[in-house]
Amino acid sequence: MFALVDCNNFYASCERVFQPKLEGRPIVVLSNNDGCVIARSNEAKALGIEMGAAYFKVEKDLRRMGVAVFSSNYALYGDLSRRVMQVLATYAPTLEVYSIDECFLDLTGMKRDLTAYGLEIAQTVRKWTGIPVSVGIAQTKTLAKVANRMAKKGKSPAGPVLEWSTLASPRDALAALPVEDVWGIAGRWGARLRALGIANAQALAEADPMRLRKLFGVVMERTCRELGGVSCLPLELVPPPRKQIMVSRSFGEKLHKLDDLMAAVTAFATRAGEKLRAQRMRARAVSVFVHTSPFDKSGQHYANSATAGLDKPTRDSGILITCAVQGLERIYHEGYAYQRAGVMLLDLAPENAEQGLLFAETPGDTGRSNRLMDALDRINRTRGRGAVHYAGEGLGERWRMRQKLKSAASTTGWAGLPAVRA
DNA sequence: TCTGGGGTCCTAGGACCC
DNA sequence: TCTGGGGTCCTAGGACCC
C-alpha cells in the first residue's frame, strides 16, 4: 500500500510561509532568469494564469490583477522540502523522496484506518512546516498519483486525503481522467493512445497489456497494469547513483565575447564540481554546450557542444574548468548572441573506485588536489557559496541571471532571518 | 529587452564477439 | 533448394518526470 504525499503549489506555498499576509492572495513564482511562470497558487490558477507563460508577456496583467510575483528561491524551497520530508519520515518505516515536493510512503501492513492516518500526516506537516499537502493512498504508485490528484482538486469527501479503496466507483473515477493526465503519459503518447480509441485512464486500464508492450514498450505496459491495481513499480529506497551532473543557465543578457562565455563556463564547471564531490563521485568526461536563443527571429542561430574524455576520473574543479574552457574555445564562433551555456559531467564513478590504467597520459587526482577540493568545499559551505572561487569566473558577472523579485533565504542565511515583533 | 533547469529510462540498429 | 545461433556493447533518438 502506497501513500503519495504531494505539496500543494509547492513554491508558491513556500513563499507564503514567511509572508502570511499573502494568504488568500494570488501568487506566482518565476523560473530562473525571471523567464516564465513555473508555479501558481490556487488563486492565481483561478485567474487563468497559464503554467509556462512568458513573464514579459503577462507582467502587466499580473500587476493589474494584484498578483504577488517572486523569482525562484531554491535555497528556501530546498530547505522547506527537507523539513517536510523529515516530518514524513516519522510516519512510515520506508519512504521514497520522489521530487522536491513529492514523497511516496510505504503503508503496507498498517493496522490503522488509512484515511485517518493520511489526515494526521497532512495536518502535522501543515502545522510543523506551514506547507499544505495532499495525500493519495492506493495499492499502486500510479493509482496513488490519481488519488492524490483527485484529493488536490477537492474531489475527496475526506478533504486533503483520498484512499482509493473508499471510492464508490473507481471505474468512474478513472473514466473521468484524460489519458494524458496519467502519470507517465504525456502529449505524444496521449495522442497515439487516442488514435487507438484509448482516451481515458479506465480505457487504458482495460487495454491488453501485451499489445501495449508491442506498440509502446514496457513502460506503457507497466502503467496499464498499475491502473488495473497490479503493482509494478516498487519503492526506491536508496536513490540510485547519479549518471550525469549538469549545470546550465540562461544569461541575464545575451553574450557575444569569448571572455564573457569563459567566465560563465568557469562558474558552471565549478558548481558542477561541487555537486560531483557532494555525491562522492569523480567524472571521466566533461561536456560543454552553448546556444543562441531559440526565440530570436532576427539573428543567426547556433548551437554546439564539445565533449572531452579524461584518462583518469577527476573531482578537481581545476581540471574540470580546463576541459570545459578548452571545449568552449573549440565551439565558440564570433558574431552570435549567445543566450545560454552549460557544463555536463559524464561517465561518473564512485570516488573510491580506482581503475588502474596502463598508459595514462595525464595523472589522476593527487592527494594534494583532494585536500584542496575538500578545503574549498568546507570554506564555501561555512562562509557561503562563492566565498572562495576561481579567478576565471571573473568579477564582471554579465552572465548572471536576472532575479529581481527574490525573497529572502529565511531558513538558510542569517541575513534572511525573519524579524518577529511582539 | 524579455521565453527554466535539471534528470531518467527504453528501444532500435549497427558493430562486434565466439 | 538453399544461408547458424547465440551473445554484448555502444549510440542516437524518443519518450517521460519534476
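The notes below deal with the structure included here.

This next bit is on the environment of glycine 413. Structurally, glycine 413 can be placed in the segment after α14 (367–383). For the pair glycine 413 and alanine 75, spaced 338 residues apart in sequence, the C-alpha to C-alpha distance is 9.1 Å.

So, on to the protein's contact with DNA strand B. The local shell around DNA strand B holds 25 residues, among which Met246, Ser248, Arg249, Ser250 and Arg340 are the closest. In DNA strand B, atoms within 4 Å of the protein come 74% from sugar and phosphate. Residue methionine 246 places a main-chain N or O atom 2.6 Å away from a phosphate oxygen belonging to DNA strand B. At 2.8 Å, a side-chain N or O of arginine 249 approaches a phosphate oxygen of DNA strand B. Of all the elements in the fold, those that place two or more residues in the surface near DNA strand B are α3 (55–64), α11 (218–227), β9 (245–255) and β12 (338–350). Examining the composition of the surface near DNA strand B, we find that seven residues originate from one element, β9, more than from any other. Residue composition of the surface near DNA strand B, by class: eight nonpolar, eight polar and nine charged.

It is worth spelling out the pattern of salt bridges at this point. In total, this model carries 25 salt bridges according to the counting rule given. In this structure, lysine 152 engages aspartate 6 in a salt bridge whose closest nitrogen and oxygen atoms are separated by 3.0 Å. Taken together, the residues lysine 152 in helix α6 (residues 141–152) and aspartate 6 in strand β1 (residues 2–7) connect sequence positions 146 residues apart. With relative accessibility at 34%, the residue lysine 152 sits in the partly exposed group.

In the neighbourhood of DNA strand C, 13 residues make up the surrounding shell, with Glu102, Lys145, Gly184, Arg188 and Trp189 lying closest. Near the protein, within 4 Å, the atoms of DNA strand C are sugar or phosphate in 100% of cases. Tryptophan 183 places a polar side-chain atom, nitrogen or oxygen, 3.4 Å from a sugar or linking oxygen of DNA strand C. One of the backbone nitrogen or oxygen atoms of isoleucine 185 is found 3.4 Å away from a phosphate oxygen of DNA strand C. At three residues, the largest contribution of residues to the surface near DNA strand C is made by helix α8 (residues 187–195). Across the surface near DNA strand C, the residue classes tally to six nonpolar, three polar and four charged.

Once that is clear, we can look at the side chain of lysine 141. Residue position: lysine 141 is located in helix α6. Lysine 141 gets classed as buried once you look at its relative accessible area, which sits at 4%. Within polar-contact distance, the side chain of lysine 141 engages the backbone oxygen of proline 234 at 2.9 Å. Discounting residues that sit within four places of it in the chain, lysine 141 has contacts with Phe2, Glu96, Phe104, Trp183, Glu226, Leu233, Pro234, Leu235 and Glu236.

Calculation notes
- Residues numbered from 1 in each chain as written.
- Chains lettered and ligands numbered in written order.
- Predicted model: local features only at pLDDT ≥ 70, side-chain atom pairs only at ≥ 80, totals over all residues.
- Heavy atoms only, no water.
- Helix = DSSP H or I, 4+ residues; strand = E, 2+ residues; numbered from the N terminus.
- Near = heavy atom within 4 Å.
- Polar contact = N/O pair within 3.5 Å; in protein donor to acceptor, adjacent residues only side chain to side chain.
- Nonpolar A, V, L, I, M, F, W, Y, C, P; charged D, E, K, R; others polar.
- Salt bridge = Lys/Arg side-chain N within 4 Å of Asp/Glu carboxyl O.
- Buried < 20%, exposed > 50% of the residue type's maximum accessible area, 1.4 Å probe, protein only.
- Contact = heavy atoms within 4.5 Å.

Treat this as a map of the structure, not an account of what it does.
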